[in-house]
Amino acid sequence: NAGVTQTPKFRILKIGQSMTLQCAQDMNHNYMYWYRQDPGMGLKLIYYSVGAGITDKGEVPNGYNVSRSTTEDFPLRLELAAPSQTSVYFCASSNGLARTQYFGPGTRLTVT
Amino acid sequence: DQQVKQNSPSLSVQEGRISILNCDYTNSMFDYFLWYKKYPAEGPTFLISISSIKDKNEDGRFTVFLNKSAKHLSLHIVPSQPGDSAVYFCAASAFEGADGLTFGKGTHLIIQP
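As the structure is a prediction and not an experimental result, all values here were calculated from the model.

Glancing now at the environment of Thr 55 of chain A. All names here are of chain A. Among the secondary structure elements, Thr 55 is positioned in strand 6 (residues 54–57). Distance from Thr 55 to Arg 99, taken between C-alpha atoms, is 18 Å for residues 44 residues apart in sequence. Each residue touching Thr 55, except ones within four places of it in the same chain, is listed here: Tyr 48, Ser 49, Val 66, Ser 67, Arg 68 and Phe 74.

A separate point is the nonpolar core. Counting 24 residues, the largest nonpolar core has Phe 33, Trp 35, Leu 73, Leu 75 and Tyr 88 of chain B as its most contacted members. Ranked by the residues each element gives to this core, the list is headed by strand 9 (residues 86–94) of chain B, at five residues. For Phe 33 of chain B, the residues in contact, after removing those within four places along its chain, are Tyr 25, Ile 48, Ser 49, Ile 50, Leu 66, Leu 73, Ala 91 and Ala 92 of chain B. Listed in part, the 19 residues of the second largest apolar core include Leu 13, Trp 34, Tyr 47 and Leu 109 of chain A.

Residue and element names in this part refer to chain A. Read across the open sheet, the four strands follow the order 1-3-8-7; overall the sheet is antiparallel. Looking at strand neighbours, the two that pair on one side only are strand 1 (4–7) and strand 7 (64–66), the edges of this open sheet. On average, each strand axis in the sheet is inclined to that of its neighbour by 20 degrees, with strand direction left out of account.

Turning our eyes to something else, we now look at the interface of chain A and chain B. Taken together, the contact between chain A and chain B spans 20 residues of the former and 23 residues of the latter. When residues of chain A are sorted by the area they lose upon contact with chain B, Leu 43, Arg 99 and Phe 103 of chain A head the list and together hold 36% of the total. Summed over the shared surface of chain A and chain B, the number is one salt bridge. Linking Asp 31 of chain B and Arg 99 of chain A is a salt bridge whose minimum nitrogen-to-oxygen distance equals 2.7 Å.

Our next topic: the pairing of strand 4 (residues 31–37) of chain A. All names here are of chain A. Among the seven residues in strand 4, seven count as buried, and that is most of the element. Across the two faces of strand 4 the burial is the same, with Tyr 31, Tyr 33, Tyr 35 and Gln 37 and Met 32, Trp 34 and Arg 36 all buried. Of the strand pairs in this sheet, strand 4 and strand 9 (residues 87–94) are connected by seven bridges, and their pairing is antiparallel. Within strand 9, the residue paired with Gln 37 across the bridge is Val 88. Of the strand pairs in this sheet, strand 4 and strand 5 (residues 43–51) are connected by six bridges, and their pairing is antiparallel. Each bridged residue has a counterpart across the sheet, and for Arg 36 the counterpart in strand 5 is Lys 44.

One pass over the structure, following the stated rule, counts two disulfides over all chains. The disulfide that involves Cys 23 of chain A links it to Cys 91 of chain A, with 1.8 Å between the sulfurs. Sign of the S-S torsion, about -70 degrees for the bond between Cys 23 of chain A and Cys 91 of chain A, identifies this disulfide as left-handed. Remark: Cys 91 of chain A occurs in strand 9 and Cys 23 of chain A occurs in strand 3 (residues 19–25); sequence separation between them is 68 residues. You can call Cys 23 of chain A buried: its relative accessible area is 2%. The exposure class of Cys 91 of chain A is buried, given its relative accessible area of 0%. What pairs with Cys 23 of chain B in a disulfide is Cys 90 of chain B, and their sulfur atoms sit 2.0 Å apart. Taking the sign of the S-S torsion, -75 degrees for the link of Cys 23 of chain B and Cys 90 of chain B, the bridge is left-handed. Within this pair, whereas Cys 23 of chain B is found in strand 3 (residues 19–25), its partner Cys 90 of chain B is found in strand 9, the two being separated by 67 residues in sequence.

The rules behind these values
- Residue numbers run consecutively from 1 along every chain, following the written order of its sequence.
- Note on labels: chains are lettered from A, ligands numbered from 1, in written order.
- Per-residue local features are limited, in this predicted model, to residues with pLDDT of at least 70; the limit for side-chain atom pairs, both in listing and counting, is 80 or more; totals at the level of whole chains, interfaces and linings are taken over all residues.
- Only hydrogens and water are set aside when side-chain values are computed; all heavy atoms of the structure are taken into account.
- Under the scheme used here, helices are H or I runs from DSSP no shorter than 4 residues and strands are E runs no shorter than 2 residues, and both carry numbers assigned from the N terminus.
- Two residues form a contact once any of their heavy atoms are found within 4.5 Å.
- Buried residues of nine kinds, namely Ala, Val, Leu, Ile, Met, Phe, Trp, Tyr and Cys, make up a nonpolar core once their side-chain atoms join them within 4.5 Å.
- Burial classes follow relative accessibility: with a 1.4 Å probe on protein chains only, a residue under 20% of its type's maximum area counts as buried, one over 50% as exposed, and anything between as partly exposed.
- A pair of strands is considered paired only if DSSP assigns at least 2 bridges between the two.
- Only the contacting stretch of a helix is used when fitting its axis, a line to C-alpha atoms as for every element, and angles between N-to-C directions run 0 to 180 degrees.
- Accessible area that two parts lose when put together, evaluated with a 1.4 Å probe and summed over both, is termed the buried area.
- We define a salt bridge as a side-chain nitrogen of Lys or Arg found within 4 Å of a carboxyl oxygen belonging to Asp or Glu.
- Pairs of cysteine sulfur atoms within 2.5 Å are identified as disulfides in what follows.

See the structure below:
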């Protein structure tokens, strides 16, 4: 039981490039989330999903897109990367009713 | 506008003593509160939670207290151990929590030997 997994662990992008951050969970959780954490700050919600085919914006969605075609996977897409997207990205999941979210190890992204 | 505030960026406590981490919130709709622990280069790990219908929840060395009238919660760790050195995040959720958690900025707890 791996919990929440994220790939890659690290990535350096040039301004204007695109990439997809992968997130998968094997706990059969319906709810999945993407957060970003900037230095010295708390985590901020980017997008979330309450089930396959259903996604919604969080507090800081600009510059990102998501899709949820399966219960297990919730990829985050960055189009036209900007330096402001340099951050650590965390994926999380929960079964909703319990309300406790379980986090992956994170992806550290640098845009230069 | 920060809805969850952790006003102490860092806290140093001697091993074996009690660590008290504080958190304040402003949104009256929050009804579920969580504490996460985070080591460098790792994801946050769930520690303990409390529903607004309770004022205390205990799990081993960890106890969370909630004062709804003051919109304040605290995490007590006793006795503190070296492995407790980490960043602790307070987080809050409203209603069903489907729209994610609101986090404080964290408190870096350092346990001195």
